[in-house]
Amino acid sequence: MKNIQAMQASKSAIEPNLVGAEDSLKLGHWMPYHTGIMPQVRIGKRWISIWWAIPIAFVAALFAVAIAQELRTIPAVQDFILRYPGDATPVSVTSGFPWWLRAQHFFNAFFMMFIIRAGIQILADYPRLFLQRDCTPGKEWFRFQHDVPTDRLWTSKDDSVTIPGWLGIPGVRHSVGLARWWHFTFDLLWILNGLLYYVLLFATNQWLRVVPTSWSVFPNALSTLIQYLSLNFPVEHTWTVYNGLQQLTYFVTIFIAAPIAFITGVMQGPAFSNKLGWFAKFMNRQLARTIHFIVLGWFLFFIFVHTTLVFITGLRKNLNYMFAGVNDGSWNGFLIYIPVMIILIGIWIMVSPLTIKYARRVQMIGERMVGYIQSWAELWDPQTQYTEKDISPYFWVNGTLPTSDEYNRLKEGNFADYKIIIGGLVENPQEISYAALKSMPKQDQITKHFCIQGWSGVAKWGGVPVRDIIKIVKPKPEARYVVFYSFAEGADGGIYYDVHSMRNMRHHLSLLAYEMNGEPLNFLHGAPLRLRCENQLGFKMVKWIRAIEFVHDFKHLGAGHGGYNEDHEFYGYRMPI
Ligand SMILES: Nc1nc2c(c(=O)[nH]1)N[C@H]1C(S)=C(S)[C@@H](COP(=O)(O)O)O[C@H]1N2
Ligand SMILES: [Mo]
């Protein structure tokens, strides 16, 4: 907690009652526990529990084994298996499993553990998946949350669910801010490890294991599949060459699934999406999110089959290959594997409690690890606009509504007495009335909103460009940031605020909106005035704006992290991804 007295001393007249924030996630003040439902898939109007997949998969596996065993009694199939016994390429690798490959294999698994857990946590913040770009309740194809209630206000925060702490990181409801630091930090490490792996694969002849060089990989893969399914396994020469099925699945995982995971990941952020408009209109945020989830499914399937086969095709030998790099009858692989697994399990158990306790530390380290990459994404000009017919039929509401007497009085008077206060490091402080704002040149834009939780929606916004306000108030040279103060408090008390760079505020699409879809901005969406900044996530767009302040620094505001949700929910100050 920051020293409140020091904060008050440096407080400017315009600055409302901001509060400091805890450095750990205090479950007592956090959103109450709420578990959703077992995951379901929608078929037409019916929701089917995905647990049906377990008996279905079991029965399918039984049939597959029976069919494969039957096939192997047929002479033509036997000939086929003789002709294509399994091994993928005639060229074999003579260097075994070198140390760099073993190290990278370990790091890959280690990083994936964080990426997958944190990814599931992010999904739990908005536990619905869609294909189209807007998120109309009932149109999702997958969910682990109830129907959206229609008899009361249901914000997207309300929609988040609690998941077990051993599964997600940290499991707590609406902990997307912290989960994103884990996800992105380990994404970066995973990508660097993966790129180095690509280089080393091709710098040596190890690529021959995983890249098909002959069409015979397909008949060999089919032959191996039949052999595995018949439970009479193919002869393997994994030390030197992979069989067709191994080669294809590794190839898909390394060269197709991994890049798709990366592309569909960054396409969920406003910076890439609003830059690559033509691509984003096809690969919209919700489709990207769905594909990202399907890739997760592929990875989980791969991990399951891969580790099962490691266990049932000669565990000692396989561990010798991948952990000790030897092809002998020793126990060396085991001797490395066992302590490594114990350490991994320990880390697995500790991550969630440590994240809850050291939440601020997680945020600061995440900011160090990936914040500068996010700042590069801000250099891109967000310019994508949509057409009237793209406007979403349903636009989620999020945030904590204003309740102050001052706000209620203004609202009752239809904001006739509303004046936005603009000050701080400017030549010309201003108070501009609602009527005066509306008489200024108006800009309309049809853009897509990206909430950090995962939903999106397109709306038409009308209002005054922030750059026109900047021209009027004339910021002093030392002004580096623009702070927006709301009438509303944040979820944990104290006024909601957020800080933006001057650069972003000079952008032609940064807008003080008083209209939404051609109507006066309504109460829930931020009346009388809310911000649009099209290369940032939704939480940075303050609703119910009371004042704007130009500042040199934001360390003295609130807990000093650049905004209410940065202070209280451990989000990052730059959020273009
Ligand atoms: N004052 C205030 N502004 C706020 C919030 C809030 O809680 N308080 N929530 C933010 C979040 S997280 C999002 S996604 C958008 C939601 O805008 P909408 O309700 O118009 O969809 O408002 C942002 N602005
Ligand atoms: Mo949001």
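Just above sits the structure.
Residues numbered from 1 in each chain as written. Chains lettered and ligands numbered in written order. Predicted model: local features only at pLDDT ≥ 70, side-chain atom pairs only at ≥ 80, totals over all residues. Heavy atoms only, no water.

### Examining the sheet that holds strand β2 (residues 46–49)
Two orientations exist for strands paired in a sheet by backbone hydrogen bonds: parallel and antiparallel. Taken in spatial order, the 4 strands of this open sheet run β2-β1-β4-β3, and their pairing is antiparallel. In this open sheet, the two strands that pair with only one neighbour each are β2 and β3 (128–129). Examined bridge by bridge, β3 and strand β4 (residues 142–143) share 2 bridges and lie antiparallel to one another. Considered in β4, the bridge of L129 is made with F142. (Pairing = 2+ DSSP bridges. Helix = DSSP H or I, 4+ residues; strand = E, 2+ residues; numbered from the N terminus.)

### Digging into the environment of V210
Mapping V210 onto the fold places it in helix α7 (residues 207–210). A relative accessible area of 4% places V210 in the buried class. Between the alpha carbons of V210 and A88 there is a distance of 9.3 Å; along the sequence they are 122 residues apart. Among all residues touching V210, those that are not within four sequence positions of it are L201, Y242, Q247, Y250, F251, I254 and F255. (Buried < 20%, exposed > 50% of the residue type's maximum accessible area, 1.4 Å probe, protein only. Contact = heavy atoms within 4.5 Å.)

### Side note on the packing of helix α4 (residues 99–124) against helix α6 (residues 176–203)
Remark: α4 packs on α6, axes separated minimally by 8 Å, with the N-to-C direction vectors making an angle of 155°. Put simply, α4 runs roughly antiparallel to α6. For the pair α4 and α6, the crossing hand works out as left-handed. (Axes fitted to C-alpha atoms, helices over the stretch in contact; angles between N-to-C directions. Parallel < 35°, antiparallel > 145°, perpendicular 65-115°, else oblique. Left-handed = near helix turned anticlockwise from the far one by under 90°.)

### Remarks on empty space enclosed by the protein
The final tally for this structure, using the stated rule, is 1 cavity of 30 Å³ or more. For the largest cavity, the calculated volume is near 330 Å³. As for the largest cavity, its lining consists of 28 residues, and the residues nearest its centre are N398, G399, Y496, F539 and K543. Listed by contribution, the elements that provide at least two residues to the lining of the largest cavity are β9 (481–489) and α20 (564–568). Of all the elements, β9 adds the most residues to the lining of the largest cavity, at 3 residues. Residues belonging to the lining of the largest cavity are distributed by class as follows: 15 nonpolar, 9 polar and 4 charged. (1 Å grid on protein atoms, 1.4 Å probe; cavity = no way out; pocket = protein on both sides within 12 Å on 5 of 7 lines; lining within 4 Å. Points joined across faces, edges and corners; volume = space filled by probe spheres on them. Nonpolar A, V, L, I, M, F, W, Y, C, P; charged D, E, K, R; others polar.)

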